[in-house]
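# A closer look at the structure
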Amino acid sequence: EGIGLILPIQFAMQQPAHFPKLLQRAMLILGTLFASFGMVGYAAYGLETKDMITFNIPQNKITSFLRLFYCLGVFFTYP
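Now for a look at the structure at hand. Each chain carries its own residue numbering, running from 1 in the written order of its sequence. The predicted origin of the model limits local features to residues at a pLDDT of at least 70 and limits the giving and counting of side-chain atom pairs to 80 or more, whereas totals for whole chains, interfaces and linings rest on all residues. Side-chain descriptors were evaluated using all non-hydrogen atoms of the structure, hydrogens and water having been removed beforehand.

Each helix and strand in the chain was counted, giving three helices and zero strands. Listing the helices and strands of the chain from first to last along the sequence gives α-α-α. The globule rule is 2.2 Å times the number of residues to the power 0.38, and the radius of gyration it is compared with is taken over C-alpha atoms. Here the chain has a C-alpha radius of gyration of 19 Å; the compact-globule value for 79 residues is 12 Å, and the former is much larger. Principal axes of the C-alpha set define a box for the chain whose edges measure 55 × 30 × 15 Å. When each of the 79 residues of the chain is scored for burial, the buried share is 6%. Computed with a 1.4 Å probe, the accessible areas rest on the Shrake-Rupley method; for each residue, only the protein chains presented here act as cover. Taken as a whole, the chain presents about 7400 Å² of accessible surface, with 73% of it coming from carbon and sulfur. Secondary structure elements follow DSSP: runs of H or I no shorter than four residues count as helices, runs of E no shorter than two count as strands, and numbering proceeds from the N terminus. Only protein chains enter the accessibility calculation, which uses a 1.4 Å probe. A residue is then buried if its area is under 20% of the maximum for its type, exposed if over 50%, and partly exposed in between.

Along the chain, the position of Phe-69 falls in helix H3 (residues 61–77). Each C-alpha atom, one on Phe-69 and one on Met-39, is 26 Å from the other, the two residues being 30 residues apart in sequence.

Before going further, it helps to spend a moment on the side chain of Thr-63. Assignment of secondary structure puts Thr-63 in helix H3. Contacts are residue-level and defined by heavy atoms, with any inter-residue pair within 4.5 Å sufficient. Beyond its immediate stretch of four places on either side in the chain, Thr-63 contacts Ile-57 and Pro-58.

Attention now goes to the layout of surface pockets. Think of a 1 Å grid over the protein atoms and nothing else: a 1.4 Å probe that fits but is trapped marks a cavity, an open set flanked by protein within 12 Å on at least five of seven lines marks a pocket, and residues with an atom within 4 Å of a point count as lining. Grid points are joined across faces, edges and corners, and a volume is the space filled by probe spheres set on the points. Taken as a whole, the largest pocket spans an internal volume of roughly 180 Å³. The wall of the largest pocket is formed by Phe-37, Gly-38, Val-40, Gly-41, Tyr-42, Tyr-45, Thr-49, Lys-50, Asp-51, Ile-53 and Asn-56.

Attention now goes to the packing of aromatic side chains. Each aromatic ring pair is summarised here by two numbers: the centre-to-centre distance and the angle between the ring planes. The rule is short: rings of Phe, Tyr and Trp, with Trp giving its six-membered ring, pair when the centres are within 6.5 Å, and they are stacked under 30 degrees, edge-to-face over 60, tilted in between. Scanning the model with the defined rule gives two aromatic pairs in all. Plain terms: the ring middles of Phe-65 and Phe-69 are 6.4 Å apart, the flat faces sit at 25° to each other, and that makes the pair stacked. Of the two residues, Phe-65 and Phe-69 both sit in helix H3, four residues apart, roughly one turn of that helix. Taking relative accessible area as the criterion, Phe-65 reaches 48% and is therefore assigned partly exposed. Judged by relative accessible area, which is 54%, Phe-69 ranks as exposed.

Set out below in structure tokens:
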């Protein structure tokens, strides 16, 4: 999704030659953030962790609406 922003950001920089190093750092930070979020989620739910995070939440009316709105969000943002 962000590939359309890579070149404009690089060309807008004062020193475009620094962009690859900056991109590498940003990807490392994001990868670390996502991995730590996954580990914390796994530590919270243990071996009972399900593939979709919404299935880990107890089933009631509110979580049913949460799943519905999640599906609608995916439906309306999918290209």
